[in-house]
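Overview (structure and organization)
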Amino acid sequence: MNLADLYTNLLNDPFATFIISPNGDLINTRIWTYDRVDIITGSWNPLHDGHRLLYENVVDKFSSIKRLCFELSLNRHNKEMLTLEELDRRAKQFRNYAPLVVTNSSLFIDKVAVLPFQCHFHIGKDVGDKLWGHYGIGIGGIAAQFYIYPRGNPVKGEVEEFKLPYRIPNITTIKTTKYSFLSSTELRSKIKEEVPSI
């Protein structure tokens, strides 16, 4: 199957997923053949050094991880569906770097339904804030583990750690000495500013 076939399949089958390997191979994963996967989820528009630093932090903290993948959903919460062309553009950023899992599941509650039984999400503080804002203490009912990493605030010039008002068993706050102050939103704005008007 080519990328267009897998894309169409993903639109028609809510449980479909596939992996794009670092060398560009396409692997249909409708039925996962292993129990655990560690996931860094995001929209990757663009993939930047802050995301790569998060990947490094995961590897440093969890040396026993066997399958660490980035994840991209075609269907994104409160945003337009990714086109085939846009999926291809974003996926190419991972070539010769890391595997990319492609789903059609925008919410974490949906991601755990299509990914392996033991799903471990590694996310930055900004995504952790959105997670808490969307689910509240209901996060505890999601059948997954969440590891939340600190992030540098580019406006304040400070490192911010994720804090919860309650202890939730499936959330772990990670301490690290490597931080990123990059923001995808700011990078996209800068790129727009640098494009000359015609």
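As a reminder, the structure under discussion sits directly above these lines.
The numbering scheme is per chain: residues are counted from 1 as the chain's sequence reads. Note on the predicted model: pLDDT of at least 70 is required for a residue's local features to be given, and 80 or more for side-chain atom pairs to be given and counted; whole-chain, interface and lining totals, by contrast, use all residues. With hydrogens and water stripped out, all remaining heavy atoms of the structure feed into the side-chain values.

1. A look at the layout of surface pockets
Basically, it comes down to this: Buriedness for pockets is judged along seven lines, at least five of which must meet protein on both sides within 12 Å for an open set on the 1 Å grid over protein atoms alone, while cavities are sets there where a 1.4 Å probe fits but cannot get out, and lining residues have an atom within 4 Å of a point. Grid points are joined across faces, edges and corners, and a volume is the space filled by probe spheres set on the points. Only DSSP runs of H or I reaching four residues or more are called helices, and only runs of E reaching two or more are called strands; each is numbered from the N terminus. Polar here means any residue outside two lists: the nonpolar Ala, Val, Leu, Ile, Met, Phe, Trp, Tyr, Cys and Pro, and the charged Asp, Glu, Lys and Arg; Gly therefore counts as polar.
Estimates place the volume of the largest pocket at around 1,100 Å³. Together, 44 residues line the largest pocket, and Gly-42, Ser-43, Asp-126, Val-127 and Lys-130 are the ones closest to its centre. Where the lining of the largest pocket is concerned, the elements lending two or more residues are strand E3 (36-41), helix H2 (49-61), strand E4 (68-73), helix H4 (108-114), strand E6 (118-124), helix H5 (125-135), strand E8 (151-153) and helix H6 (184-194). Of the residues forming the lining of the largest pocket, the biggest block, six residues, is contributed by H5. By residue class, the composition of the lining of the largest pocket is 14 nonpolar, 21 polar and nine charged.

2. Here's the deal with the sheet that holds E4
How we decide: Two strands qualify as a pair provided that DSSP identifies no fewer than 2 bridges between them. Fitted lines through C-alpha atoms give the axes, limited to the stretch in contact for helices. The angle between two N-to-C directions lies from 0 to 180 degrees. Only heavy atoms matter for contacts: two residues are in contact if any of them lie within 4.5 Å across the pair.
Across the sheet, eight strands lie side by side as E2-E1-E5-E4-E3-E6-E7-E10; this open sheet has mixed pairing. The sheet is open, and its two borders are formed by strand E2 (26-28) and strand E10 (171-173), each paired with just one other strand. Strand-to-strand twist in this sheet, taken as the mean axis angle between neighbours without regard to direction, amounts to 30 degrees. Pairing geometry for strand E1 (residues 18-20) and E2, over three bridges, is antiparallel. By the bridge assignment, Ile-20 is partnered in E2 with Leu-26. Across the sheet, H5 is in contact with E6 and strand E7 (145-149); its angle to E6 comes to roughly 115 degrees.

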